[in-house]
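Structure assessment
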Amino acid sequence: MSSPSSGVRDAPAIPVDPTRRPGGRALSAVLPGLPQILVGRWGTGAMALMTWVGMIAILVTRTDRVLAAGSGAWDERIALFTLVSGLVASWVWSWREIGEAGRLTTVGVSQWDLAVRAFSKNRTAVAGLLVIAGLYLVSLVTPFIAPHDPNTQYDLLTDRLVGMSAEHPLGTDQFARDVFSRLLYGARISLSIGFVAVGISVTIGTLLGAVAGFFGGIVDGAIMRFVDMVISFPRLILLITIIAIFEPSIFLIITVLGLTLWPSTARIVRGEVLSLREREFVQAAEALGYPKKRIILRHLVPNALAPVIVAATLGIGNTIVLEAGLSFLGLGVQPPTPSWGTMVASGRNNLLGAWWLSTFPGLAIVFTVLSFNLVGDGLRDALDPRLRS
Amino acid sequence: MTQFVVRRLLGAVPLVLGIATIIFFLVNLAPGDPTLLLLSPGVTDEVIQQMRENFGLDQPVHIRYVKWVGAMLTGDFGYSFSHSRPVVDVLLDFLPNTLILSASALVVAFLFGIVLGTIQAVRQYSALDSSLSVVLLFFYSMPSFWLALMLILTMSLYARNVWGLPIYFPASGMTSTEYEFLSAAGRIADRVRHLVLPTLSLALVLMAGIARYMRGSMLEVVRQDFVRTAHAKGLPERTVVFKHALRNALLPIITLVGLYIPFLFSGTVFIETIFAWPGMGRLIVEAIFQRDYPVVMAGAFFFATMVVVANLVADLLYAVVDPRIRYE
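So, how was this worked out
Residues numbered from 1 in each chain as written. Chains lettered and ligands numbered in written order. Predicted model: local features only at pLDDT ≥ 70, side-chain atom pairs only at ≥ 80, totals over all residues. Heavy atoms only, no water. Helix = DSSP H or I, 4+ residues; strand = E, 2+ residues; numbered from the N terminus. Buried < 20%, exposed > 50% of the residue type's maximum accessible area, 1.4 Å probe, protein only. Contact = heavy atoms within 4.5 Å. Areas by Shrake-Rupley, 256 points an atom, 1.4 Å probe, with all protein chains shown as cover. Lys, Arg positive; Asp, Glu negative; His and termini not counted. Charge placed at Lys NZ, Arg CZ, Asp CG, Glu CD. Buried area = accessible area lost by both parts, 1.4 Å probe. Salt bridge = Lys/Arg side-chain N within 4 Å of Asp/Glu carboxyl O. Polar contact = N/O pair within 3.5 Å; in protein donor to acceptor, adjacent residues only side chain to side chain. Nonpolar A, V, L, I, M, F, W, Y, C, P; charged D, E, K, R; others polar. 1 Å grid on protein atoms, 1.4 Å probe; cavity = no way out; pocket = protein on both sides within 12 Å on 5 of 7 lines; lining within 4 Å. Points joined across faces, edges and corners; volume = space filled by probe spheres on them. Axes fitted to C-alpha atoms, helices over the stretch in contact; angles between N-to-C directions. Parallel < 35°, antiparallel > 145°, perpendicular 65-115°, else oblique. pLDDT = per-residue confidence, 0-100. Phe/Tyr/Trp six-rings, centres within 6.5 Å; stacked < 30°, edge-to-face > 60°. Lys NZ or Arg CZ within 6 Å of the ring centre and 35° of its normal. Bend = angle between axes of the 7 residues up to and from the residue.

**Here's the deal with the overall build of chain B**
- Looking only at helices and strands, one finds 13 helices and two strands in chain B.
- Counting every position in chain B, which comprises 328 residues, the buried fraction comes to 46%.
- Considering only intrachain contacts with a sequence separation of at least 6, the fraction spanning at least 24 residues in chain B is 71%.
- Just so you have it, chain B exposes about 16600 Å², and 65% of that area is on carbon and sulfur atoms.
- Charge-centre separation for chain B: the mean point of 23 positive side chains lies 15 Å from the mean point of 21 negative side chains.

Following this line, the structure appears as structure tokens:
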């Protein structure tokens with residue numbers, strides 16, 4: 001990336017770029033992202049526009065809460081930080097990008113560049129990515145958006161199990177709490193658990209898989225036999241056994257999910273490493289006498305990463321479903337902390353009288369997981385050179 | 001062939017033993033003393049000590065491990081606190097119900113998954129293909145427990161109480177209360193009616209995955225030379241699709257059976273709990289909440305062993321139907 005002030009790159013030889021429109025900068029100053037959408041880069045443009053419009057809307061409609069957030073609880077401060085940095089980032093990015101576009105001459109194209117290009121052509125995958133980005137943004141600024149406190153119980157006589165209204169957009173639950181606010185706060189659990197647990201498992205799985213594939217022999221046998229065993233367990237049974245033995249808590253669930261999901265990653269990485277090990281560049285690295293640690297971390301792991309990224313993205317979706325399931329059984333996040341799984345479970349006893357209780361948190365799970373699956377499918381197509389058209 | 005089967009069977013033995021080991025140490029190295037759960041607070045130390053001796057907990061872990069494995073090999077899984085019966089008897093009571101549910105879900109899922117995937121592949125890039133893709137991905141992303149609740153909501157509660165439809169399905173149990181008074185045909189119909197919603201909840205999610213896989217597999221086969229040859233010979237489309245392409249595309253689907261069995265069992269835990277279906281999944285969940293560890297250990301072991309067996313069967317089936325796989 002070049003800085004916009006370096007005049008050296010403003011060489012006259014570069015032909016006029018059709019994506020540079022006069023007035024693009026002026027437009028980007030008012031509505032960041034819109035000029036990008038107009039010239040066809042709708043993925044990144046929509047991202048910036050969505051952030052900008054959303055943050056401005058929050059600033060205008062919830063001015064009092066935003067002003068009070070600086071001295072509030074930690075989640076309000078995070079929300080304030082997100083708000084400010086989102087505004088600044090989308091504005092600065094759009095201003096610079098629309099001016100710079102076309103100036104950078106591409107010299108070499110890496111595999112990753114090709115993958116990014118292939119991915120951004122896949123409309124459904126980009127849409128999924130936008131939904132995910134939107135979800136994370138919303139969950140970060142939830143303290144500003146939520147119409148009610150998630151745990152406040154209103155009048156149990158008049159506000160219990162009330163249907164959808166302007167006051168309660170998605171109705172109230174059996175404790176007369178606002179379902180929409182609980183849904184917003186519940187997103188935190190689902191979105192963070194999926195990310196952290198998959199992060200842990202991918203790290204462990206990649207390292208162990210690479211070690212198994214690289215060293216072979218006894219090390220390989222020991223690791224892979226253990227992997228076989230863990231994979232043979234129905235995952236949910238293993239999880240509920242462990243969680244039931246200890247006391248359920250959010251940290252336990254993240255740890256247990258992280259420590260039980262790695263075997264599938266290890267299998268993938270081992271397979272990749274086994275074929276990479278025979279390739280010339282690895283043999284050259286060995287002939288040069290590089291330490292084994294360097295060969296594994298610098299030569300093998302980066303080249304085995306593509307299928308891992310795909311599996312991890314799809315794994316986040318699975319983990320969200322798994323966590324919701326554990327919460328549904330009462331082994332996950334404990335009440336009154338809202339989570340989508342517990343919300344679905346609590347609606348179970350009032351299905352006929354209050355259908356909205358179980359329906360909306362479930363829909364939230366479905367659309368979140370759907371977005372991750374769309375992105376995962378898109379990544380698989382983009383990262384596999386054979387599938388690129 | 002026989003040699004291949006025997007070797008695979010022998011290979012599964014250490015796997016099953018390893019699984020048993022993991023379960024044992026998981027349960028036994030956990031903090032807390034199981035005897036304290038059974039005793040009222042304030043009893044003397046001698047009573048606690050006596051209790052520990054009765055359960056064999058006064059012995060070191062490795063001795064207990066050897067004893068446990070030894071007992072298990074003779075089919076003795078211990079005694080269930082909550083059911084007051086040997087664990088094996090309890091499991092054998094609940095196992096058939098789970099097998100009925102799993103089998104019907106597997107059949108429905110594979111049948112519809114294969115049909116839908118084939119339709120998609122044959123009509124690739126058509127409106128039908130893309131709309132089916134969206135619908136299937138929607139089901140694929142769905143938690144089965146939520147799908148179960150939505151099915152109960154629409155096909156049971158609302159169909160009966162709100163919309164007043166003539167057809168609705170029961171939302172819990174395996175049989176109606178008046179089951180004993182029904183005729184033989186009525187009994188079968190009653191059981192099938194009770195099976196519909198749990199089966200659908202399990203099958204629809206699995207079906208979506210199978211259809212996605214089937215579409216990919218079929219598309220790969222369709223591109224191959226022998227299919228082009230079949231077309232070039234002037235064979236009718238129907239013959240090419242069903243006789244040449246489909247048969248070959250079905251081969252990798254067999255491995256999915258082994259892959260999906262663990263998912264299926266995880267699903268039964270929710271579905272059996274929601275539909276009050278007296279199966280293994282519900283048994284284990286209840287045992288966990290009652291801290292009935294012998295049942296938990298035996299149930300987890302049973303499930304894991306069935307997964308190993310299912311994988312084994314899938315491997316063997318694959319070797320049988322695909323002559324390119326050699327038994328080595």
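The discussion continues.
**Focus: the interface of chain A and chain B**
- Between chain A and chain B, the residue contacts involve 42 residues of the former and 45 residues of the latter.
- The largest per-residue losses of area from chain A upon contact with chain B belong to F233(A), I245(A) and L352(A), which jointly make up 16% of the total buried on that side.
- At the boundary of chain A and chain B, one finds one salt bridge.
- At the junction of chain A and chain B, the tally comes to six residue pairs in polar contact (both at pLDDT 80 or more).
- Elements with a contribution of two residues or more to the side of chain A that touches chain B: α10 (217-232), α11 (235-245), α16 (305-328) and α18 (356-383) of chain A.
- For the side of chain A that touches chain B, the element with the most residues is α18(A), which contributes 13 residues.
- Of the residues assigned to the side of chain A that touches chain B, the class counts are 28 nonpolar, seven polar and seven charged.

**A short note on empty space enclosed by the protein**
- The final tally for this structure, using the stated rule, is two cavities of 30 Å³ or more.
- Each pocket or cavity is described by its volume, and for the second largest cavity that value is around 40 Å³.
- Every residue lining the second largest cavity is listed: F233(A), I237(A), L238(A), T241(A), I23(B), L26(B) and A300(B).
- Where the lining of the second largest cavity is concerned, the elements lending two or more residues are α11 of chain A together with α1 (2-28) of chain B.

**Here we look at the packing of helix α14 (residues 280-287) of chain A against helix α15 (residues 292-303) of chain A**
Residues and elements named next belong to chain A.
- α15 packs onto α14 with a crossing angle of 180° between their chain directions and a minimal axis gap of 11 Å. By the angle class used here, α14 and α15 are roughly antiparallel. For the pair α14 and α15, the contacting residues are F281, V282, A285 and E286 in the first and I295, H299, L300 and N303 in the second.
- Broken down by class, the residue content of the contact of α14 with α15 amounts to five nonpolar, two polar and one charged.

**A closer look at the pattern of salt bridges**
Residues and elements named next belong to chain A.
- Evaluated as defined, the whole model comprises 13 salt bridges over all chains.
- Linking R277 and E278 is a salt bridge whose minimum nitrogen-to-oxygen distance equals 3.9 Å.
- Shared partners join several salt bridges into a network, and the residues in it are D173, R177 and R182.

**A closer look at the packing of α11(A) against helix α11 (residues 251-274) of chain B**
- Closest axis-to-axis distance for the α11(A)/α11(B) pair is 6 Å, and the angle between their directions is 60°. When the interaxial angle is binned, α11(A) and α11(B) end up oblique. For the pair α11(A) and α11(B), the contacting residues are R235(A), L236(A), I237(A) and I240(A) in the first and S266(B), V269(B) and F270(B) in the second.
- In terms of residue class, the contact of α11(A) with α11(B) is made up of five nonpolar, one polar and one charged.

**Quick notes on the confidence of the model for chain B**
- Averaged over chain B, the pLDDT score is 84; the fraction of residues at 70 or greater is 95%.
- Overall fold confidence for the complex sits at a pTM of 0.86, while the interface term, ipTM, reaches 0.84.

**Comments concerning the environment of A29(A)**
All names here are of chain A.
- As for its position among the elements, A29 is in helix α1 (residues 24-30).
- Note: C-alpha distance between A29 and V92 (63 residues apart in sequence) is 8.7 Å.
- Setting aside anything within four residues of it in sequence, one finds A29 in contact with W91 and W95.

**Quick word on the packing of aromatic side chains**
- Following the criterion strictly, the structure yields 19 aromatic pairs over all chains and no others.
- Between W91(A) and W95(A) the ring centres are 5.6 Å apart and the planes differ by 5°, which places this aromatic pair in the stacked class. Placement of both W91(A) and W95(A) in helix α5 (residues 74-100) is noted, with a separation of four residues, approximately one turn of the helix.
- The class of W91(A) is partly exposed, set by a relative accessible area of 30%.
- Consider the rings of F24(B) and Y65(B), whose centres lie 5.3 Å apart with planes at 55°: the pair is tilted. Here the residue F24(B) occupies a position in helix α1, and Y65(B) occupies one in helix α4 (residues 61-73), the gap between them amounting to 41 residues.
- Ring pairs connect the aromatic residues F24(B), F25(B), Y65(B) and W68(B), which therefore count as one cluster.
- Between the NZ or CZ atom of R294(A) and the centre of the ring of Y290(A), over which it lies, the distance is 4.4 Å.
- Sitting over the ring of Y168(B), R193(B) keeps its end group 5.6 Å from the ring centre.

**Notes on helix α7 (residues 144-162) of chain B**
- At L153(B), α7(B) is bent by approximately 30°, the largest bend along its length.
- Downstream of α7(B) by one or two residues, G164(B) has phi in the positive range, about 65°.

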